[in-house]
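Structural characterization, general
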Amino acid sequence: QLQLVESGGGLVQPGGSLRLTCAASESTEGSYAVGWFRQAPGKEREGVSCISSSGISTRFADSVKGRFTISRDKANNRVYLQMNSLKPEDTAVYYCAAKSNGLCSDYNVPFSYGIWGLGTQVSVSS
């Protein structure tokens, strides 16, 4: 079965940037839409972005629009989340997840994604 592993998290100062990577175990990842979620302690899981199987359509939460971008490299089974102008409120564990219908409809509904990584910690602090 397809497996996902996140990497690229760490500690960064406000205003800084990080690039998260979602690495897939097999090339069938290219048939899935891939979303990014985040969850801070005591908070609900929040959908932040999604990219369709084609790579053409993308979605972003209002809280990150204009600061984050999402892209995919199908040849290398990777999806990236570029995070710029980071704020303390971006601090969370970030998860990537795969959606078999290939679409970003309901991009922020966790149950619509069937495959999840284990997460990577992003901490934004001075």
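Quick caveat, the model's predicted, so the values are computed rather than measured. (Residues numbered from 1 in each chain as written. Predicted model: local features only at pLDDT ≥ 70, side-chain atom pairs only at ≥ 80, totals over all residues. Heavy atoms only, no water.)

Summing up its helical and strand segments, the chain has 0 helices and 11 strands in all. N-terminal to C-terminal, the α/β element order of the chain is β-β-β-β-β-β-β-β-β-β-β. Since a compact globule built from 126 residues should have a radius of gyration of about 14 Å, the 13 Å found for the chain is in line with a globular shape. Here the C-alpha coordinates of the chain stretch approximately 40 × 25 × 25 Å along the principal axes. Going through the 126 residues of the chain one by one, you find that 44% of them count as buried. For the chain, long-range pairs separated by at least 24 residues make up 60% of all intrachain contacts whose partners lie at least 6 apart in sequence. Split by element, the accessible area of the chain, about 6,300 Å² in all, is 47% carbon and sulfur. For the chain, the separation between the mean place of its 12 positive charges and that of its 10 negative charges on side chains is 3 Å. (Helix = DSSP H or I, 4+ residues; strand = E, 2+ residues; numbered from the N terminus. Rg over C-alpha atoms; globule rule 2.2 N^0.38 Å. Buried < 20%, exposed > 50% of the residue type's maximum accessible area, 1.4 Å probe, protein only. Contact = heavy atoms within 4.5 Å. Areas by Shrake-Rupley, 256 points an atom, 1.4 Å probe, with all protein chains shown as cover. Lys, Arg positive; Asp, Glu negative; His and termini not counted. Charge placed at Lys NZ, Arg CZ, Asp CG, Glu CD.)

Once that is clear, we can look at the state of the cysteines. The full count for this structure, using the stated rule, is 2 disulfides. Residue Cys-22 pairs covalently with Cys-96 via a disulfide, S to S 2.1 Å. Between Cys-22 and Cys-96, the S-S dihedral sits near 70°, and the bridge is therefore right-handed. Here Cys-22, found in strand β3 (residues 18-24), pairs with Cys-96, found in strand β9 (residues 92-99); they are 74 residues apart in sequence, far enough to count as distant. Taking the relative accessible area as the measure of exposure, Cys-22 reaches 2% and is therefore buried. (Disulfide = S-S within 2.5 Å.)

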